[in-house]
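Summary of structural features
These are the residues of each chain, in order.
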Amino acid sequence: AKPRMLVSRCAIVGALEAARLQARALLLPGPLSTLPAGSEAFLLSCLALLLFGHLLAAVPLRRLGTNYGAGYNTRVLGYDNSRGEFSLLATACIFAPYALLVPLLSPLGQGLALAVVVALAAYYCFGPHACHPGGPRAHRILREPQWENKEWHVDAGWRCAVAEESHEVTEKALANGHKLTGEPAGRQIWHRVPKAGKAKAAFNPAVNP
């Protein structure tokens, strides 16, 4: 079994070396070929980061926010702006090029690299990926926000839009016709209404509209 494992390891390393040389020939032609060995892996990773972090970010838009479990479920191809994470596909494409560095390592270095990859994969699959603040407080916070209970007036044309109405106002202002994907409840915005006349808008911050 040991000679068979050795042959398999040599075959994998040989395949990675062939892929590295091919990538180097494609990405670093001419004068760029003098760059240190391994530069092609870094360049491939940067290109993948640009592709998934910029060009494919929030694509498709209708699935924004639907990646879950640290990106295990790839629905948004690139960076999910609403969740602040890359999909599994994007993560693999960004980090996979560094496997081309394996043939440049000594056998000991290759073993250590494998151990690091296994440890990171285990953490990625089973480790926590968000902060855990713990359970509820033993005693609730007694402080409550307070505003002066009086009516304030703003210049004519300003209006307060709440919840679904706030989404409608924002979507009408978007020239590209995109729809908001967030929860409208609790959202409050102030916006100007054209031709609203000279009457000033009044609001009381102590009263939730």
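Here goes a summary of the coordinates provided. (Residues numbered from 1 in each chain as written. Predicted model: local features only at pLDDT ≥ 70, side-chain atom pairs only at ≥ 80, totals over all residues. Heavy atoms only, no water.)

**Focus on the pattern of salt bridges**
Per the stated rule, a full pass over the model turns up 4 salt bridges. Ionic pairing is found between R20 and E17, a salt bridge with its closest N-O pair at 2.9 Å. Taken together, the residues R20 and E17, both in helix 1 (residues 2-27) and 3 residues apart, mark about one turn of the helix. Taking the relative accessible area as the measure of exposure, R20 reaches 6% and is therefore buried. Residue E17 is classed as partly exposed on the basis of its relative accessible area of 23%. Across the pair E40 and R20 runs a salt bridge whose closest N-O atoms are separated by 2.9 Å. On the criterion of sequence distance, the pair formed by E40 in helix 2 (residues 39-55) and R20 in helix 1 is long-range, its members being 20 residues apart. (Salt bridge = Lys/Arg side-chain N within 4 Å of Asp/Glu carboxyl O. Helix = DSSP H or I, 4+ residues; strand = E, 2+ residues; numbered from the N terminus. Buried < 20%, exposed > 50% of the residue type's maximum accessible area, 1.4 Å probe, protein only.)

**Quick notes on the packing of helix 2 against helix 3 (residues 88-95)**
With their axes 7 Å apart at the nearest point, helix 2 and helix 3 run at an angle of 155° to one another. Considering their axes alone, helix 2 and helix 3 lie roughly antiparallel with respect to each other. In this structure, helix 2 contributes S45, A48, L49 and F52 to the contact, and helix 3 contributes L89, A90, C93 and I94. Taken together, the residues of the contact of helix 2 with helix 3 break down into 7 nonpolar, 1 polar and no charged. (Axes fitted to C-alpha atoms, helices over the stretch in contact; angles between N-to-C directions. Parallel < 35°, antiparallel > 145°, perpendicular 65-115°, else oblique. Contact = heavy atoms within 4.5 Å. Nonpolar A, V, L, I, M, F, W, Y, C, P; charged D, E, K, R; others polar.)

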